[in-house]
Amino acid sequence: MNNEVIKKTTEKRVFLSDKEQHQKISKIALIMSLIPILSQFIAFFKVHYTVSHIFAIVNILCILCSFVLSILCIKNRENRNLMNIFSMILSGLFMVIIVIIAFAVVVYAVKG
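Residues numbered from 1 in each chain as written. Predicted model: local features only at pLDDT ≥ 70, side-chain atom pairs only at ≥ 80, totals over all residues. Heavy atoms only, no water.

### Details of the overall build of the protein chain
Part 1 of the reasoning: Across its full length, the protein chain holds 4 helices and 0 strands.
Part 2 of the reasoning: Walking the protein chain from its N terminus toward its C terminus, one meets helices and strands in the order α-α-α-α.
Part 3 of the reasoning: Summarising the internal contacts of the protein chain: among those between residues at least 6 apart in sequence, 76% fall at separations of at least 24.
Part 4 of the reasoning: Counting every atom, the protein chain has about 8900 Å² of accessible surface; 72% of that belongs to carbon and sulfur. (Helix = DSSP H or I, 4+ residues; strand = E, 2+ residues; numbered from the N terminus. Contact = heavy atoms within 4.5 Å. Areas by Shrake-Rupley, 256 points an atom, 1.4 Å probe, with all protein chains shown as cover.)

So this is what it looks like as structure tokens:
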């Protein structure tokens, strides 16, 4: 009886072990990492101030979610593919841009 408890506690559970579920999550992560690029086309049109802020919030949420989903997909070595790596790199670059802009805003606000 004691051996069964030890086996259950030491059993390694792999997130996204199902191949179909992994592919769906990979596609969602890639689409979410491409949404900020697609929403930049809206900037060419004159949109209301509030709408542009809503798009900015959606972009930030999409970038964060796609980065987390990409990391979760890449953690599983058997299902690692180019789509996950591309999605992680793209959302990581967008996160770096957001951090740089936020840092610049804070520096400008403190200095000004």
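Following the structure, the description resumes.
### Description of the side chain of Ser87
Part 1 of the reasoning: If you trace the backbone, Ser87 turns up in helix H4 (residues 82–111).
Part 2 of the reasoning: Using a relative accessible area of 1% as the deciding quantity, one classes Ser87 as buried.
Part 3 of the reasoning: Discounting chain neighbours no more than four positions away, the residues touching Ser87 are Ala29, Leu30, Ser33, Ser66 and Ser70. (Buried < 20%, exposed > 50% of the residue type's maximum accessible area, 1.4 Å probe, protein only.)

### Examining H4
Turn by turn, an α-helix covers 3.6 residues, leaving residues three or four places apart pointing in a common direction.
Part 1 of the reasoning: With 30 residues, H4 extends 43 Å between its outermost C-alpha atoms, agreeing within 8% with the 44 Å of an ideal straight helix rising 1.5 Å per residue.
Part 2 of the reasoning: Within H4, the full set of buried residues consists of Asn84, Ser87, Leu90, Ser91, Gly92 and Phe94.
Part 3 of the reasoning: Those residues of H4 that are buried lie in contact with helix H2 (19–39) and helix H3 (49–75). (Expected span 1.5 Å × (residues − 1).)

### Brief notes about the environment of Leu90
Part 1 of the reasoning: Mapped onto the fold, Leu90 is located in helix H4.
Part 2 of the reasoning: Leu90 sits in the buried class, given a relative accessible area of 14%.
Part 3 of the reasoning: If sequence neighbours within four positions are ignored, Leu90 has contacts with Ser33, Leu34 and Ile37.

### Remarks on a nonpolar patch on the surface
Part 1 of the reasoning: On the surface, a nonpolar cluster with roughly 650 Å² of combined accessible area is contributed by Leu38, Phe41, Phe44, Phe45, Val47 and Val51.
Part 2 of the reasoning: You can see Phe41 is positioned in the loop between H2 and H3. (Patch = residues over 30% accessible without salt bridge, like charges linked within 9 Å, V, L, I, M, F, W, Y side chains within 5 Å. Salt bridge = Lys/Arg side-chain N within 4 Å of Asp/Glu carboxyl O.)

### A look at the side chain of Asn84
Part 1 of the reasoning: Inspection of the secondary structure assignment puts Asn84 in helix H4.
Part 2 of the reasoning: Dropping the residues within four chain positions of it, Asn84 is found in contact with His22, Ser26, Ser70, Cys73, Ile74 and Asn79.

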